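# Chain and residue survey
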Amino acid sequence: MGTSSRHGAATPRSLWFDAAETDEELRRTLTRERVVNQALALIAQEGVEALTMRALGARIGVVPGALYRHVRSKEQLQDLVVDGVLAEVDCDVDQALPWTEQIKVLAHRLRDVLEDHPGVATLLKTRDPLGPHSLSLAEAFLLPLHDAGFPHREAGLAFFLIVDYTIGFEVSSSRISVNEQRVQDAATRERLHEFFRSLPGDRFPTLIALGEHVWIDNRDERFTAGINALIDGLHGAQRLPPEYTDHEAVSEEE
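Numbering of residues begins from 1 in every chain and follows the order in which that chain's sequence is written. Thresholds applied to this predicted model are a pLDDT of at least 70 for local features of residues and 80 or more for the giving and counting of side-chain atom pairs; totals over whole chains, interfaces and linings are not thresholded and use all residues. In computing side-chain properties, one takes all heavy atoms of the structure into account and sets aside hydrogens as well as water.

Looking now at the packing of helix α6 (residues 99–116) against helix α13 (residues 219–237). In helix packing, the relevant descriptors are the interaxial angle and the interaxial distance, both defined with respect to the helix axes. Lines fitted to C-alpha atoms define the axes, with helix axes restricted to the stretch in contact, and inter-axis angles between N-to-C directions lie between 0 and 180 degrees. For the purposes of this entry, the term helix denotes a DSSP run of H or I that reaches at least four residues, the term strand denotes a run of E that reaches at least two, and both are numbered from the N terminus. Closest axis-to-axis distance for the α6/α13 pair is 10 Å, and the angle between their directions is 145°. Considering how the two elements wind past one another, α6 and α13 form a crossing that is right-handed. Residue-level contacts link W99, T100, I103, K104, A107, H108, R111 and E115 of α6 to R219, D220, F223, T224, I227, N228, I231, D232, L234 and H235 of α13. Under the scheme applied, nonpolar residues are Ala, Val, Leu, Ile, Met, Phe, Trp, Tyr, Cys and Pro; charged residues are Asp, Glu, Lys and Arg; polar residues are all the others, including Gly. When the residues that make up the contact of α6 with α13 are grouped by side-chain class, the tally is seven nonpolar, five polar and six charged. Helix crossings fall into two classes, left-handed where the near helix is turned counterclockwise from the far one by less than a right angle and right-handed where it is turned clockwise. Every residue pair with non-hydrogen atoms within 4.5 Å of one another is taken to be in contact.

This part is about the pattern of salt bridges. Salt-bridge detection follows one rule: a side-chain nitrogen of Lys or Arg within 4 Å of a carboxyl oxygen of Asp or Glu. Counted according to the given criterion, the structure contains 11 salt bridges. Across the pair E115 and R219 runs a salt bridge, and its minimum N-O distance is 2.0 Å. With E115 in helix α6 and R219 in helix α13, the pair connects residues that are 104 residues apart, well separated along the chain. The same class applies to E115 as to R219, namely buried. Note that E190 and R197 form a salt bridge whose closest N and O atoms lie 2.9 Å from each other. Each residue's exposure class comes from its accessible area (1.4 Å probe, protein chains only) as a fraction of the maximum for that residue type: buried when under 20%, exposed when over 50%, partly exposed otherwise. For E190, a relative accessible area of 36% translates into the label partly exposed. Each of R111, E115, E170, R219 and D220 takes part in salt bridges that share partners, so that together they form one network.

As a further point, take the nonpolar core. We call a set of buried Ala, Val, Leu, Ile, Met, Phe, Trp, Tyr and Cys residues a nonpolar core when their side-chain atoms join them within 4.5 Å. Counting 52 residues, the largest nonpolar core has L56, L67, L77, V81, W99, F141 and L145 as the members making the most contacts within it. Apart from the residues lying within four places of it in its own chain, the contact partners of L56 are V35, Q38, A39, L42, L51, L67 and L77.

Turning next to the packing of aromatic side chains. Pairs of aromatic rings are described using the distance from one ring centre to the other and the angle between the two planes. Within 6.5 Å between ring centres, the rings of Phe, Tyr and Trp (the latter by its six-membered ring) count as paired, and their orientation is classed by plane angle as stacked under 30 degrees, edge-to-face over 60, tilted in between. For the coordinates displayed, the defined rule picks out eight aromatic pairs. On the basis of an interplanar angle of 85° and a centroid distance of 5.1 Å, the ring pair of W99 and F150 is categorised as edge-to-face. Taken as a pair, W99 in helix α6 and F150 in the loop between α8 (132–147) and α9 (152–172) lie far apart in primary sequence, 51 residues in all. Taken individually, W99 and F150 each receive the classification buried, so the pair is uniform in this respect. Pairing F195 with F196 gives two aromatic rings, centres 5.6 Å apart and planes at 55°, and the pair type is tilted. On the basis of relative accessible area, F196 is assigned to the buried category, the value being 7%. Cluster of aromatic residues (ring-pair linked, three or more members): F141, F159 and F160.

Encoded structure:
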């Protein structure tokens, strides 16, 4: 059915079966993009703590030293992972919207991307990303605050309040947490509510009344309520009109 090779030509690989890549072929086809993608997959499956150069090398099928041809260190690898994930956040927001709505849109988009990449929010809490996509996201968050007339220091504080809340929500309320798994299951959730209703009324009257309204499957609602309260609070605290500068604000206080 096939023809043998002639004149020393290499026999082509079968269309139906490819032998496993040799160590040399793995090293030759290894790229920074592949290293980062495999690191992201490892974090999603086993958590941030599992990401070591040894574990990543074993996953790809190369010795750890081969990875250092593409990344300088584990820390640089972490930054590349973070920046690659943040590249998925759409930073293009309609600037005709009120600044409050622009910030809410960006916060929801950031949270959605972090939801799609379990474990990366935890990594974000330990790194200070300064890659191109990380900077683009920071620019997108800061622009509405600047245009709204926030003094520079207050804009910086507002930026970190918003970003810290969004990242922190994913870290503290991840889909894989025991509490989230408990309330997502209807039968388990009902047993939990029955437990609250069975508590001694003289000691826990408020838990009896409100427990079933607290331990419910409402992650999206909780995030929205939190970011809305945060932005509304910043809006209410805004005192200076847009034309004021930080210098003028200080002069007024003096």
